[in-house]
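Close look at the chain arrangement
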Amino acid sequence: MIRLTRLNRSEIVLNAVYIERIEAMPDTVITLTTGRKVHVLEPVQTVIGQVTAYYRDINILPKLHDAPMEE
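These notes cover the structure that comes with them. Because the structure is predicted, anything quoted here is derived from the model rather than measured.

The end-to-end C-alpha distance of helix α1 (residues 44–57), which contains 14 residues, comes to 20 Å, matching closely the 20 Å that a straight helix rising 1.5 Å per residue would cover. Within the span of α1, buried status applies to V44, V47, V51 and Y54. Projected down its long axis, α1 shows its buried positions confined to an angular sector of 90°, all on one face. In α1, the exposed residues that point more than 90 degrees away from the buried face are Q45 and D57. Structurally, α1 contributes buried residues whose contacts are with β1 (2–5), β3 (19–24), β4 (28–32) and β5 (37–40).

The structure is reproduced here in structure tokens:
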């Protein structure tokens, strides 16, 4: 889950697994797999960073500093 701020300054906690697309227009618009759109104050790069960190926390992405697995 990632914490974001809606345009009205209220906090939202979003399950990053359901993010389909992130766009800047000029607000950041997150489209979920359900088709619902969420407008947030954080810039696209910040959202991407939070999503990447979340994926690493739940072991969807490997950590860059981990040694590669031997075959």
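By the alternation rule, side chains of β5 split into V38 and V40, which are all buried, and K37 and H39, of which none is buried. Pairing geometry for β4 and β5, over 4 bridges, is antiparallel. In the sheet register, T31 faces β5, and the bridge partner there is K37. Here β4 folds back onto β5, and the loop between the two strands holds 4 residues, one of which, G35, carries a positive phi near 95°.

Within the secondary structure, T31 is located in strand β4. If sequence neighbours within four positions are ignored, T31 has contacts with Y18, I19, E20, R21, E23, R36 and K37.

Basis of the calculations
- Residues numbered from 1 in each chain as written.
- Predicted model: local features only at pLDDT ≥ 70, side-chain atom pairs only at ≥ 80, totals over all residues.
- Heavy atoms only, no water.
- Helix = DSSP H or I, 4+ residues; strand = E, 2+ residues; numbered from the N terminus.
- Expected span 1.5 Å × (residues − 1).
- Buried < 20%, exposed > 50% of the residue type's maximum accessible area, 1.4 Å probe, protein only.
- Arc of directions from axis to C-beta.
- Contact = heavy atoms within 4.5 Å.
- Pairing = 2+ DSSP bridges.

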